[in-house]
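Working through the structure, step by step
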Amino acid sequence: MLTLATDLDALTRFGRALADPIRCRLLLALREAPAYPSDLADVLGISRTRLSNHLACLRDCGLVVTVPEGRRTRYELADPRLGHALDNLRNAVVAVATDRTCIDAEDKGCC
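In this text, all values refer to a predicted model and were calculated from it rather than measured experimentally. (Residues numbered from 1 in each chain as written. Predicted model: local features only at pLDDT ≥ 70, side-chain atom pairs only at ≥ 80, totals over all residues. Heavy atoms only, no water.)

Counting residues in each nonpolar core, the largest one holds 22 residues, and the members touching the most others are Leu26, Leu27, Leu51 and Leu63. Look past the residues within four positions of Leu27 in its chain and what remains in contact with it is Ala17, Leu18, Leu58, Leu63, Val64, Leu77 and Leu86. (Core = buried A, V, L, I, M, F, W, Y, C linked by side-chain atoms within 4.5 Å. Buried < 20%, exposed > 50% of the residue type's maximum accessible area, 1.4 Å probe, protein only. Contact = heavy atoms within 4.5 Å.)

Considering the arrangement of structural elements, one finds Arg31 in helix α2 (residues 21-32). The spacing of Arg31 and Asp87 is 56 residues in sequence and 9.2 Å in space, taken between C-alpha atoms. Excluding its chain neighbours within four sequence positions, the residues that come into contact with Arg31 are Leu77, Gly83, Asp87 and Arg90. At 2.7 Å, the side chain of Arg31 and the side chain of Asp87 are in polar contact. (Helix = DSSP H or I, 4+ residues; strand = E, 2+ residues; numbered from the N terminus. Polar contact = N/O pair within 3.5 Å; in protein donor to acceptor, adjacent residues only side chain to side chain.)

On to the packing of aromatic side chains, then. The description of two aromatic rings rests on the distance between their centres and on the angle between their planes. Per the stated rule, a full pass over the model turns up zero aromatic pairs. Positioned over the ring face of Tyr36 is Arg72, at 3.7 Å from the centre of the ring. (Phe/Tyr/Trp six-rings, centres within 6.5 Å; stacked < 30°, edge-to-face > 60°. Lys NZ or Arg CZ within 6 Å of the ring centre and 35° of its normal.)

For an α-helix, the turn length of 3.6 residues means that residues three or four places apart are oriented alike. For α2, with twelve residues, the first-to-last C-alpha span of 17 Å sits near the 16 Å given by 1.5 Å per residue. Where α2 begins, the side chain of Asp20 points an oxygen toward the backbone nitrogen of Ile22, at a separation of 2.8 Å. (Expected span 1.5 Å × (residues − 1).)

Nothing here speaks to function; it is all geometry.
Structure below.
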């Protein structure tokens, strides 16, 4: 069983990764398939230096890993369950955003 500190650490790392749109796009791209940095930079339309900084953050958060392939390095999600977690989180957020069952939503600008 996980401790509260471990749970908080895991959620904090995941939240840190999701706090930046480029890191979100990286995670979504890697959810589809492992990729090389040069390909990811092209797909995202960012410089390799900028990409490198974001990949380092995702590695530090424990969400992506590197796989050496000869002289190249491929990136992939650290665990396939992260892809499922991203899908579940996105689906939950979309469901909540479209749920207008709160009777005060229009008056309070919430929900």
